[in-house]
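Observations on chain architecture
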Amino acid sequence: MSEDILEKTNRANKIKKEVDSVTVRFAGDSGDGMQITGSQFTDTTAIFGNDLGTLPDFPAEIRAPAGTLYGVSGFQLQFSNKDIFTPGDEADVLIAMNPAALKVNLKDLKKGGIIIANVDSFEKKNLELAGYASNPLEDQTLEGYYVYKVNITKSTLEILKDLPLGTKTANKCKNFYALGLMYWLFDRPMDITLGWIKEKFAKTPELVEANTRALNAGYNFGETAEMFGERYEVKPAKLPEGTYRNIMGNEALSIGLICAAQSSGLKMFLGSYPITPASDILHNLSRQKKYGVITFQAEDEIAAITSAIGASFAGALGVTTTSGPGMALKTEAIGLAVMTELPLVIVNIQRGGPSTGLPTKTEQADLLQAVYGRNGECPVAVIAAATPADCFDMAYEAVRLAIKFMTPVILLSDGYLANGSEPWKVRHYNELPKINVKFRTEPEGFAPYLRDENLARPWAKPGTPGLEHRIGGIEKQNITGNVNYEPENHELMVKLRAQKVKNIENDIPDLEIEGEKSGKLLVLGWGSTYGSITAAIENQVAKGNKVSHAHLRYLNPLPKNTENVLRSFEKVLIPEMNLGQLSKIIKTEFLIDVVQLNKVKGSPFKAKEIEAKIEEILKG
Amino acid sequence: METTKSNTDITDKVIYTAKDFASDQDIRWCPGCGDYSILAQVQRTLPSLGISKEKLVFIAGIGCSSRFPYYMSTYGFHTIHGRATAIASGVKIANPDLSVWITAGDGDLMSIGGNHFMHLLRRNLDVNLLMFNNRIYGLTKGQYSPTSEKNKITKSSPIGSPDYPFNPTSLALGANGTFIARSMDRDPKHLQEMISRAAKHHGTSFLEVLQNCNIYNDGAFFLYTEKETKEDNVVYLENGKPLIYGKNKDKGIKLDGFKPVVVDLNDGVHSANDLLIHDETSRELAFILSSFVEHPELPMPVGVFLEIPRNTYEETIAEQFEHVYDKNGKGDIDELLKGKSTWEIK
């Protein structure tokens with residue numbers, strides 16, 4: 001390192017400011033590589049040892065027209081030196097690659113926050129597309145913010161001009177320039193991204209060179225430009241000892257399924273049809289043949305689930321993954337799995353609905369569909385993951401319950417969990433609870449609808465001599481499984497199927513209360529609201545307010561102590577990303593009144609939104 | 001991987017009779033239904049195939065014929081409308097050792113299950129698909145089906161069906177099927193032979209069986225099945241042989257350009273040498289044969305239209321697994337849990 005640079009580095013280091021948490025949002029055109037930039041910053045930050053939460057937010061269009069408001073793609077993450085639960089309510093720093101990105105994201109920037117704008121893109125056409133009458137970097141629009149105008153495009157093109165790249169390709173490297181600048185600003189190591197660039201573009205050395213140069217140039221700009229008054233340092237978080245990795249929800253879910261299949265000794269068969277935001281599970285699992293996973297990309301959602309049912313009948317672990325519209329199509333087949341009492345895992349990565357709705361945005365509005373949405377009395381176990389990493393545990397749990405109770409299990413996740421990520425203390429396979437499978441092999445005394453102590457029927461797979469039997473969607477006689485239309489038998493079978501699913505309550509943990517065990521207010525959540533509720537309650541408790549939190553991971557059946565927990569508090573607040581679906585279930589199950597807090601805007605709750613409601617209730 | 005030998009070929013020498021494949025359930029089809037014959041011919045054919053009983057799985061959707069699995073003493077799955085083919089795909093992929101049979105009606109397979117039908121054929125899983133074509137919806141009591149002729153008067157088409165029908169064999173050809181055949185409920189011997197050929201084919205076998213519904217569409221195929229008219233209206237396809245038919249074996253089919261025409265073998269002009277020679281391996285010829293039903297002057301072809309070799313879906317999957325295991329070995333699950341990069345907190 002030359003003396004000159006060393007001197008500058010020292011100078012920069014001298015004005016490093018230590019902060020506890022920072023929220024950064026990268027925003028640009030959907031073709032600007034913002035998701036890559038965000039996930040690189042995330043990986044680097046995770047390995048650096050901060051706790052973090054992420055929120056990718058992108059349009060449904062693959063490459064929306066450049067410069068438009070609806071084509072803006074964003075990636076927000078919060079990183080901290082302590083345990084955190086959300087991607088942050090408001091950004092401290094916004095990287096705006098064009099005027100549209102500024103326009104769309106300014107409302108989510110903290111007052112007094114930092115804007116780093118790619119000044120080169122703030123020209124007439126882009127300003128018009130974003131609906132700015134004059135340049136916000138030059139008028140009063142951004143008063144009260146710290147605005148840094150950086151020639152991200154020009155500098156990137158300049159540094160690459162001697163490489164044999166077209167302008168279009170060179171222009172695509174500008175996200176790494178922005179990333180390099182952020183690495184400097186937050187004092188992050190560069191090696192992880194440099195390694196990633198090498199691997200990613202291994203087949204095109206000129207792109208390795210170009211992106212490496214852009215990244216370094218951005219970093220060096222921060223160091224030499226003397227534009228920034230200070231750098232920020234976020235020290236590693238004090239998490240419990242162990243080996244950690246960063247993990248996204250869909251990845252955690254995929255790994256959970258594989259581990260469960262391995263533990264049970266079953267071959268996993270995934271029947272799936274591409275649908276946002278569930279497709280990544282299909283992609284992940286299709287890459288895992290070395291773990292014996294079979295993936296079948298079916299011709300439609302119905303074939304996806306029915307092929308999985310067929311696989312379960314044949315003695316494999318049938319799994320199907322989808323999102324809301326796909327769930328609607330699978331409905332009849334779920335009924336078949338209920339009727340034939342076969343194990344099956346159905347994963348719904350919820351998105352904004354109804355119909356096509358908001359494919360890339362998050363929502364929790366498929367709860368009632370999961371619990372009730374079928375013809376006939378058709379009970380299905382329903383469970384839900386609370387955080388990206390929790391998708392691992394709940395996927396494992398879905399498999400365990402499906403096999404033990406010979407029943408379909410619906411696992412609910414959502415777009416926020418699917419694409420969001422957090423550090424995860426790596427599990428060891430040997431520490432996972434063993435999943436036992438008992439295939440029936442003994443012909444003596446066999447009948448297809450005999451039941452064990454949990455009311456589960458025997459799993460007798462084709463190929464087993466002496467156990468030849470027929471199952472089907474038409475009502476079956478108790479025990480023998482013969483077609484039967486008798487009224488008494490039908491009522492008995494309806495009740496047996498309901499009781500079997502109800503029996504799951506004896507096999508799941510109690511609902512836990514975080515905080516005081518009784519008192520004035522309980523916030524009851526389910527699914528991906530866990531982070532926002534936890535953050536909100538932490539803030540409220542710090543303010544001296546008394547409020548507790550309970551989070552449902554089992555929605556059908558509910559944990560046995562649910563009613564007791566709810567009755568230990570004067571009031572129950574249920575925040576949900578729907579119009580009150582869990583509220584409806586709680587009210588009908590227990591005749592307990594609840595306070596609703598509902599949001600259906602395609603984005604998760606901000607902690608402050610929940611806090612405002614808590615304060616309102618506590619005041620009243 | 002060996003492509004000519006099925007996993008379900010004879011492994012053990014088990015001796016069965018037709019009775020061994022009958023379940024203890026009362027058969028509830030209408031007396032006189034063509035389904036009885038199809039059930040009987042399947043049960044009579046199975047012993048000659050030498051497949052262990054526990055390896056047989058019969059899968060059906062919804063419809064009269066879809067009750068078929070209940071009447072077999074093998075493994076069986078009576079599923080939901082149109083989805084038997086998709087469920088069977090899962091069964092076969094999960095356990096390629098099983099001998100998987102699908103029984104479906106024309107409504108079940110061509111209408112609500114049309115999508116899965118096409119995809120099963122193109123994937124070429126090694127399963128047997130028997131379509132009971134009675135050109136009517138029986139179980140729902142007499143509405144027109146996708147194979148009903150245009151203008152047909154039914155309960156749901158009081159002034160005639162406006163739909164133009166599917167030609168099932170053409171559809172199967174278009175979906176790149178590798179075995180396509182036709183037979184009739186009232187020709188037991190031929191039906192047994194076709195069931196046997198279908199079972200032995202390595203890949204998806206599509207066998208259309210013309211079946212009489214004596215309640216809602218009685219006599220739909222009498223022209224082809226009844227003694228008085230059959231011989232003059234049906235041509236039996238035999239590989240390598242000319243297309244000759246008629247009571248006195250005096251009619252033949254020759255090609256006039258692309259157009260099949262009937263010729264009189266006694267007219268002193270034509271002989272067997274002029275006639276179309278059947279070739280089961282020709283997809284082009286199969287399309288021409290398949291079009292016969294759309295021309296009333298031509299006889300109804302029965303027999304094997306097409307049988308061609310192609311790797312099955314499950315073989316390709318097995319090859320992919322072998323390739324992955326050869327290259328990387330079986331996966332270490334703790335590596336999967338760790339992912340690409342980790343960090344330590346001490």
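Residues numbered from 1 in each chain as written. Chains lettered and ligands numbered in written order. Predicted model: local features only at pLDDT ≥ 70, side-chain atom pairs only at ≥ 80, totals over all residues. Heavy atoms only, no water.

**Structural notes on the sheet that holds strand E14 (residues 381-384) of chain A**
All names here are of chain A. Ordered in space as E11-E10-E12-E13-E15-E14-E21, the 7 strands form an open sheet in which the pairing is mixed. In this open sheet, the two edge strands, each paired with only one partner strand, are strand E11 (294-297) and strand E21 (554-556). This sheet shows a mean twist of 20° between the axes of neighbouring strands, independent of strand direction. Inspection of the sheet shows strand E12 (residues 317-322) paired to strand E13 (residues 344-350) by 4 bridges, in the parallel sense. If you follow Thr320 over to E13, its bridge partner there is Ile346. (Pairing = 2+ DSSP bridges. Helix = DSSP H or I, 4+ residues; strand = E, 2+ residues; numbered from the N terminus. Axes fitted to C-alpha atoms, helices over the stretch in contact; angles between N-to-C directions.)

**A look at the pattern of salt bridges**
Residue and element names in this part refer to chain A. Evaluated as defined, the whole model comprises 44 salt bridges over all chains. Residue Glu301 is joined to Lys330 by a salt bridge in which the shortest nitrogen-to-oxygen separation is 2.9 Å. Taken together, the residues span a long stretch of sequence, with Glu301 in helix H12 (residues 301-313) and Lys330 in helix H13 (residues 324-340) at a distance of 29 residues. Neither Glu301 nor Lys330 differs from the other in exposure class; each is buried. (Salt bridge = Lys/Arg side-chain N within 4 Å of Asp/Glu carboxyl O. Buried < 20%, exposed > 50% of the residue type's maximum accessible area, 1.4 Å probe, protein only.)

**As for the packing of aromatic side chains**
By the definition in use, this model includes 27 aromatic pairs over all chains. Relative to Phe201(A), the ring of Trp196(A) lies with its centre 6.2 Å away and its plane at 85°, an arrangement referred to as edge-to-face. Residue Phe201(A) is classed as buried on the basis of its relative accessible area, which comes to 17%. Taken together, the aromatic side chains of Trp29(B), Tyr36(B), Phe58(B), Phe68(B), Tyr71(B), Trp101(B) and Phe132(B) make up a single cluster linked through ring pairs. Directly above the ring of Tyr132(A) sits Lys103(A), whose terminal nitrogen or CZ lies 4.8 Å from the centroid. The ring of Tyr449(A) has Arg457(A) lying over it, and the distance from NZ or CZ to the ring centre is 5.0 Å. (Phe/Tyr/Trp six-rings, centres within 6.5 Å; stacked < 30°, edge-to-face > 60°. Lys NZ or Arg CZ within 6 Å of the ring centre and 35° of its normal.)

**Thoughts on the interface of chain A and chain B**
Interface extent is often summarised as the accessible area lost during association of the parts. At the interface, 72 residues of chain A touch 57 residues of chain B. The junction of chain A with chain B conceals about 5300 Å² of combined surface from both sides, 64% of it contributed by carbon and sulfur atoms. When the buried surface of chain A facing chain B is broken down by residue, Lys289(A), Glu299(A) and Arg470(A) rank first, second and third, together holding 13% of it. Between chain A and chain B we count 2 salt bridges in total. Across the salt bridge formed by Glu199(A) and Lys340(B), the nearest N and O atoms sit 3.2 Å from each other. (Contact = heavy atoms within 4.5 Å. Buried area = accessible area lost by both parts, 1.4 Å probe.)

**Looking at the layout of surface pockets**
Residues and elements named next belong to chain A. Taken as a whole, the second largest pocket spans an internal volume of roughly 740 Å³. Every residue lining the second largest pocket is counted, 39 residues in all, and those nearest its centre are Asp57, Asp108, Lys601, Gly602 and Ser603. Those elements giving two or more residues to the lining of the second largest pocket turn out to be strand E3 (51-57), strand E4 (72-80), helix H3 (99-105) and helix H16 (415-419). Per element, the largest residue contribution to the lining of the second largest pocket is 4 residues, and it comes from E4. Split into classes, the residues belonging to the lining of the second largest pocket amount to 15 nonpolar, 13 polar and 11 charged. (1 Å grid on protein atoms, 1.4 Å probe; cavity = no way out; pocket = protein on both sides within 12 Å on 5 of 7 lines; lining within 4 Å. Points joined across faces, edges and corners; volume = space filled by probe spheres on them. Nonpolar A, V, L, I, M, F, W, Y, C, P; charged D, E, K, R; others polar.)

**Describing helix H20 (residues 581-590) of chain A**
Here H20(A) has its buried residues at Gln581(A), Leu582(A), Ser583(A), Ile585(A), Ile586(A) and Phe590(A). Following H20(A) by one or two positions, Leu591(A) adopts a phi angle in the positive range, close to 50°.

**Structural notes on the sheet that holds strand E18 (residues 513-514) of chain A**
Two strands in a sheet stick together by hydrogen bonds in their backbones, pointing the same way (parallel) or opposite ways (antiparallel). All names here are of chain A. Spatial strand order, E18-E20-E19-E22-E23: 5 strands in an open sheet with mixed pairing. A strand with exactly one partner marks an edge of an open sheet, and here the two such strands are E18 and strand E23 (595-598). The sheet contacts of helix H18 (residues 530-542) involve E18, strand E19 (519-526), strand E20 (548-552) and strand E22 (569-576), and relative to E20 the element is tilted by about 170°.

**Regarding the side chain of Gln540(A)**
One can find Gln540(A) in helix H18. A residue is classified by how much of its surface remains accessible, and Gln540(A), at 0% relative accessible area, is buried.

**What about helix H17 (residues 487-502) of chain A?**
Residues and elements named next belong to chain A. For H17, which comprises 16 residues, the first-to-last C-alpha distance of 23 Å matches the rise-based estimate of 22 Å (1.5 Å per residue) to within 8%. Listed as buried for H17 are Asn489, Met493, Val494, Leu496, Arg497, Lys500 and Val501. Viewed end-on, H17 has its buried residues packed into an arc of 160°, placing them on one side of the element. With respect to the buried face of H17, the exposed residues turned more than 90 degrees away are Pro487, Glu488 and Lys495. Of the surrounding elements, those touching the buried residues of H17 are H13, E14, helix H15 (390-405) and E21. (Expected span 1.5 Å × (residues − 1). Arc of directions from axis to C-beta.)

**Overview of empty space enclosed by the protein**
Over the atoms rolls a probe the size of a water molecule, and in doing so it shows where empty space is left. For the coordinates displayed, the defined rule picks out 5 cavities of 30 Å³ or more. For the largest cavity, the calculated volume is near 80 Å³. Around the largest cavity, the lining residues are Val483(A), Gln25(B), Asp26(B), Arg28(B), Arg67(B), Tyr70(B) and Tyr71(B). By residue class, the composition of the lining of the largest cavity is 3 nonpolar, 1 polar and 3 charged.

**Some words on unusual backbone geometry**
Along the chain, Gly353(A) connects to Pro354(A) via a cis peptide bond; the corresponding omega equals 0°. Secondary-structure assignment places Pro354(A) in the loop between E13 and helix H14 (367-372). Residue Pro557(A) is bonded to the preceding Asn556(A) through a cis peptide linkage, with omega at -5°. Structurally, the position occupied by Pro557(A) is in the loop between E21 and helix H19 (562-567). Unlike most non-glycine residues, Ser355(A) shows phi in positive territory, near 50°. With a phi angle near 55°, Arg135(B) is a residue other than glycine that sits in the positive phi range.

**Regarding the environment of Glu332(A)**
Tracing the sequence through the fold places Glu332(A) in helix H13. Residue classification places Glu332(A) among the partly exposed positions, given a relative accessible area of 40%. Taking the C-alpha atoms as reference points, Glu332(A) and Gly218(A), separated by 114 residues in sequence, lie 55 Å from one another. If sequence neighbours within four positions are ignored, Glu332(A) has contacts with Ile80(B) and His81(B).

**Remarks on the pairing of E13(A)**
All names here are of chain A. Among the 7 residues in E13, 7 count as buried, and that is most of the element. Taking every second residue as pointing to the same face, both faces of E13 are buried, with Leu344, Ile346, Asn348 and Gln350 on one and Val345, Val347 and Ile349 on the other. A crossover connection joins E12 to the parallel E13 through H13; in handedness this β-α-β unit is right-handed. The sheet contact formed by E13 and strand E15 (residues 408-414) spans 7 bridges and is parallel. In the sheet register, Leu344 faces E15, and the bridge partner there is Pro408. (Right-handed = clockwise from strand over helix to strand, strands pointing away.)

**Topic: the pairing of E23(A)**
Sheet topology note: the E22(A)/E23(A) ladder contains 4 bridges and is parallel. Considered in E23(A), the bridge of Leu573(A) is made with Val595(A).

**A few points about the domain arrangement of chain A**
Residues and elements named next belong to chain A. With domains assigned, chain A is organised as domain 1 (3-233), domain 2 (245-431) and domain 3 (513-618). Its C-alpha centre places domain 1 at a distance of 36 Å from the equivalent point of domain 3. Of the residues lining the interface, 6 residues belong to domain 1; the matching set on domain 3 comes to 10 residues. Each partner contributes to the roughly 690 Å² buried at the junction of domain 1 and domain 3, and carbon and sulfur atoms together form 58% of this total. The largest share of the area that domain 1 buries against domain 3 comes from Phe85, Thr86 and Asp89, three residues that together contribute 71% of it. Remark: the boundary between domain 1 and domain 3 carries 2 salt bridges. Lys606 is the salt-bridge partner of Asp108, the closest N and O atoms lying 2.9 Å from each other. Counting the contacts that link domain 1 with domain 3 gives 4 residue pairs in polar contact (both at pLDDT 80 or more). In terms of residue class, the side of domain 1 that touches domain 3 is built from 2 nonpolar, 1 polar and 3 charged. (Domains from an automatic or database assignment. Polar contact = N/O pair within 3.5 Å; in protein donor to acceptor, adjacent residues only side chain to side chain.)

**Thoughts on the packing of helix H10 (residues 249-264) of chain A against H15(A)**
All names here are of chain A. At a minimum axis distance of 7 Å, the contact between H10 and H15 shows a crossing angle of 35°. H15 is crossed by H10, and the crossing has right-handed handedness. The residues of H15 that touch H10, namely those facing Gly249, Ala252, Leu253, Ile255, Gly256, Leu257, Cys259, Ala260, Ser263 and Ser264, are Cys391, Phe392, Ala395, Tyr396, Val399 and Ile403. Its residues assigned to classes, the contact of H10 with H15 comprises 12 nonpolar, 4 polar and no charged. (Left-handed = near helix turned anticlockwise from the far one by under 90°.)

**Details of the confidence of the model for chain B**
Residue and element names in this part refer to chain B. Looking at chain B, the pLDDT average stands at 95 and 96% of residues meet or exceed 70. Every residue in residues 1-10 is under pLDDT 50, and counting partners more than four places away or in other chains gives 22 contacts. In the predicted complex, the global pTM is 0.94; the interface-specific ipTM is 0.95. (pLDDT = per-residue confidence, 0-100.)

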